[in-house]
Amino acid sequence: MAICRLKRVAADMKDDVRARMPRIAPANGRRIACIGAGPASLTVARDLAPLGYQVTVYDGEAKAGGFIRTQIPRFRLPESVIDEETGYILDLGVEFRSGERIASMQVLMAQEYDAIFVGCGAPRGRNLDLPGRQEAAASIHIGIDWLASVSFGHITQVGKRVIVLGGGNTAMDCCRSARRLGGEDVKVIVRSGFDEMKASPWEKEDAMHEGIPIVNFHVPKAFVQQGGKLLGMTFEIVQAVYDDKGKRSLVPTGEKDAFFACDDVLVAVGQENAFPWIERDCGIAFDERGLPKLDPTSLQSSVPNVFFGGDSAFGPKNIITAVAHGHDAAVSIDLFLHDGDVRVRPDPMTNLVSQKMGIHEWSYDNDTANDTRYKVPWAKAEKALASIKVEVELGFDVATAIKEAGRCLNCDVQTVFAEPLCIECDACVDICPMDCITFTANGDEPDLRTRLKAPALNLAQDLYVSAGLKTGRVMVKDEDVCLHCGLCAERCPTGAWDMQKFLLKMTPAGTAAQVGVPA
């Protein structure tokens with residue numbers, strides 16, 4: 001399902017949501033510093049400010065958002081949306097110190113903050129030191145720096161022939177931005193195979209939809225220049241070879257090196273953490289890769305009141321991971337400041353509720369649809385490619401959103417089986433449209449899979465195996481193909497099957513009392 005697109009519909013169609021923002025508790029006298037105003041730090045601020053913490057967010061830029069604002073092109077994410085979303089958080093009483101880049105961790109520590117969260121991202125793009133790099137430097141750009149310059153309006157045009165090196169989402173943003181700034185022949189060249197690229201599948205699809213080819217299995221060898229003028233690049237053509245343990249190696253094919261002419265090269269081969277402002281004698285330990293040594297659960301550093309999150313914690317990931325780190329770090333900070341064990345996480349809230357409304361009626365829509373995913377409308381190509389600021393993906397209208405939501409198989413509604421009620425009549429087996437229920441003798445999972453009514457092909461998905469029944473058999477269900485249609489529960493004469501809605505609410509900050517810590 002297009003979950004992300006449906007969330008956008010909810011956001012696009014919303015009314016004024018300010019009344020739904022968290023209520024602010026009285027000040028508790030504790031001060032928190034967040035370094036960087038990206039998604040990780042803003043999440044920490046959003047979780048802790050309502051609890052009464054005085055949160056100060058430092059960032060070198062004029063506006064909050066971090067890489068969301070500086071690296072994601074405006075044709076993908078309009079600045080007005082960033083302003084609105086970051087505004088909701090800053091309006092919770094968060095102090096935003098814009099234009100203040102932290103230059104010394106020791107100086108910040110001396111300001112006696114009760115806790116410090118480092119969410120400054122991975123601000124340094126990896127370079128590619130190849131022959132010709134220095135001579136043609138004027139036409140070779142680091143991808144994330146180039147995107148930031150485009151975002152701030154410092155770069156407004158690019159050469160007609162552009163090569164983008166790298167296979168991640170940054171490379172996709174670079175190539176699509178170059179296409180809009182005058183690049184007529186823009187291509188992405190990657191050392192790996194197409195399927196091994198780190199870019200999200202839809203990011204690759206979007207680039208190719210705009211006429212940008214992706215050339216795989218080409219390893220860059222040299223920047224070809226003459227008198228400092230970039231002429232193009234040469235590449236060694238390779239192929240993937242796997243050993244008996246499945247480890248991949250890129251082996252030259254022996255073909256002649258490929259040459260691609262270009263006017264500009266955008267290097268998007270990865271990002272690195274950079275902490276020149278954290279003195280190595282301040283107590284924070286780093287590993288051999290230059291990353292902070294952290295507890296993976298609490299995100300606490302070797303200095304107890306300093307926590308990390310987002311790209312600055314374990315290297316570049318994505319926005320969703322950064323937000324998750326922010327939530328986890330907020331829980332840890334709250335526990336730490338209540339003298340709790342930051343490694344003990346309060347359990348999330350879960351429950352199961354039956355969806356029965358009658359013999360053949362459920363409180364959820366259990367009809368299934370065979371429709372494929374609906375396509376999101378795009379702006380017309382001639383308009384979208386003419387400006388770096390024209391939003392490309394327009395979003396579903398309400399009618400299409402409802403049809404897309406109708407494709408949901410309700411994976412939050414679980415089939416729950418009560419062994420004592422089962423009389424082993426096999427009625428559920430007969431009515432199941434997917435043949436995913438089998439009653440058979442128990443055994444190890446590989447053995448069970450050979451005796452199912454229909455083969456369970458997804459070996460990564462565990463089977464649902466009941467406890468022993470009266471005959472000694474067990475009920476086995478292949479969760480991978482179950483439609484959650486509820487026919488088994490409707491057909492069961494004893495009510496051994498039920499459809500129960502599962503709710504999971506992750507533990508927020510402010511629940512220290514759940515693990516025995518005084519509030």
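On a predicted model such as this, the values are computed, not experimentally measured, just so you know.

A. How the structure looks around the pattern of salt bridges. Applying the stated criterion across every chain, the model contains 32 salt bridges. A salt bridge links D16 to R18, with the nearest nitrogen and oxygen atoms 2.6 Å apart. In this structure, the salt-bridge partner of R180 is E210, at a minimum N-O distance of 2.7 Å. Taken as a pair, R180 in helix α7 (residues 169–180) and E210 in the loop between α8 (201–209) and β9 (214–215) lie far apart in primary sequence, 30 residues in all. Note on R180: relative accessible area 6%, which makes it buried. In the salt-bridge network here, residues are joined through shared partners; they are K63, R69, E79 and D83.

B. Representation of helix α4 (residues 79–90) in the model. Over its 12 residues, α4 extends 16 Å from the first C-alpha to the last, a length consistent with the 16 Å expected when each residue adds 1.5 Å. Of the positions making up α4, those classed as buried are I82, T86, G87, Y88, I89 and L90. On its buried face, α4 is in contact with α2 (39–48), α3 (67–70) and β3 (95–98).

C. The arrangement of the pairing of strand β11 (residues 229–242) in detail. Here strand β10 (residues 218–226) pairs with β11 via eight bridges, running antiparallel. Each residue of the ladder has a partner; that of V224, found in β11, is G232. Linking β10 back to β11 in an antiparallel pair, the connection comprises two residues, with G227 at a positive phi of about 60°. Where β11 and strand β13 (residues 258–261) come together, four bridges link them in antiparallel fashion. By the bridge assignment for β13, F235 is matched with A258. Where β11 meets strand β12 (residues 248–252), five bridges bridge the pair, whose relative direction is antiparallel.

D. Broad picture of the environment of E391. When you line up the elements, E391 lands in the loop between α11 (381–384) and α12 (398–405). Taking the C-alpha atoms as reference points, E391 and P78, separated by 313 residues in sequence, lie 6.9 Å from one another. Contact partners of E391, with chain neighbours within four places excluded, come to R8, F75, P78 and A379. Engagement of the side chain of E391 in a polar contact is seen with the side chain of R8, the distance being 3.1 Å.

E. Region of interest: the side chain of S332. Here S332 is to be found in helix α10 (residues 319–336). A residue is classified by how much of its surface remains accessible, and S332, at 0% relative accessible area, is buried. Engagement of the side chain of S332 in a polar contact is seen with the backbone oxygen of S298, the distance being 2.9 Å.

Parameters at a glance
- Residues numbered from 1 in each chain as written.
- Predicted model: local features only at pLDDT ≥ 70, side-chain atom pairs only at ≥ 80, totals over all residues.
- Heavy atoms only, no water.
- Salt bridge = Lys/Arg side-chain N within 4 Å of Asp/Glu carboxyl O.
- Helix = DSSP H or I, 4+ residues; strand = E, 2+ residues; numbered from the N terminus.
- Buried < 20%, exposed > 50% of the residue type's maximum accessible area, 1.4 Å probe, protein only.
- Expected span 1.5 Å × (residues − 1).
- Contact = heavy atoms within 4.5 Å.
- Pairing = 2+ DSSP bridges.
- Polar contact = N/O pair within 3.5 Å; in protein donor to acceptor, adjacent residues only side chain to side chain.

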